[in-house]
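Per-entry structural report
In case you want the letters, here they are:
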Amino acid sequence: MTPYARRGVHGQTVEALARRILGGEIPEGATLDLVALQSELDVSLTALRESLKVLAAKGMVDARQKRGTFVRARADWNLLDADVLRWQFEGAGTADADRSLLYNLAEVRAIIEPAAVRLAAQRRTEADLVALENALDAMGRHDAADPGHAVDADLAFHRALLAATHNELLERMEMVIESGLAHRDRIVHSSPHSEPPVPAHRAVLDAVRDGDPEAAERAMRALLDQAGRDLARLDGTDDDPKGNGGQ
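Residues numbered from 1 in each chain as written. Predicted model: local features only at pLDDT ≥ 70, side-chain atom pairs only at ≥ 80, totals over all residues. Heavy atoms only, no water.

This part is about the packing of aromatic side chains. Taken as a whole and judged by the stated rule, the model has 0 aromatic pairs. A cation over a ring is seen here: Arg67 above Phe70, with NZ or CZ 3.7 Å from the ring centre. (Phe/Tyr/Trp six-rings, centres within 6.5 Å; stacked < 30°, edge-to-face > 60°. Lys NZ or Arg CZ within 6 Å of the ring centre and 35° of its normal.)

Once that is clear, we can look at the pattern of salt bridges. Throughout the structure, instances matching the rule amount to 20 salt bridges. Arg72 is the salt-bridge partner of Asp76, the closest N and O atoms lying 3.7 Å from each other. Relative accessible area serves as the criterion here: at 25%, Arg72 is assigned to the partly exposed category. Here Arg209 and Asp206 are joined by a salt bridge, their closest N and O atoms 3.6 Å apart. Taken together, the residues Arg209 and Asp206, both in helix 10 (residues 198-210) and 3 residues apart, mark about one turn of the helix. For Arg209, a relative accessible area of 32% translates into the label partly exposed. It is possible to trace a salt-bridge network through shared partners that takes in Glu15, Arg19, Lys58, Asp81, Asp83 and Arg86. (Salt bridge = Lys/Arg side-chain N within 4 Å of Asp/Glu carboxyl O. Buried < 20%, exposed > 50% of the residue type's maximum accessible area, 1.4 Å probe, protein only. Helix = DSSP H or I, 4+ residues; strand = E, 2+ residues; numbered from the N terminus.)

What follows is the structure in structure tokens.
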């Protein structure tokens, strides 16, 4: 699903409601007072209802006769939705919940990316290799004063890697991976203690270029291990408690 556009009153209303729900200000099971929300958010009732439709599509709210519109249980939310992930990473939860989500997403990546890179090594085209090389070059031009540049380069590399699998479903996983990776990168790349990212990514690209699935998988696992160490250092621990932190 395409991430929800944040522009305009409609987008701002969706964002405001989502953050209240994810932050617990509007708890699970709560029935929404639409008149009060309309007044608080200073929007029309039509705009409010349209915004709630967006959240309903993400499993966060529902409406029933005699009960009205209410917040569904977290177990019903589409937690892999790119917007839901972004809202959580952008401050809707506590620091502990935020870090727990990073580790959970890292486990998902540890399952997906080593397998994906094997396919990329077998299926990559010259265009895929150019995209990967360009992303790596951008990563190498990383300015320590501009961590946003490093984030963009890292996202471009992992996006190109999934695209190189030429599997439509795996390519769509970029929307899941990118939300957490971007948040994790902003934290790690602002730390002076993180390990240089280029060598580990270069090893992955070299193995993909060589068409060697086994070497590509080993390189990806090494990259994820390095990333886990970076995240563990931010936690003030020597070891990553759940295995990998993303890179």
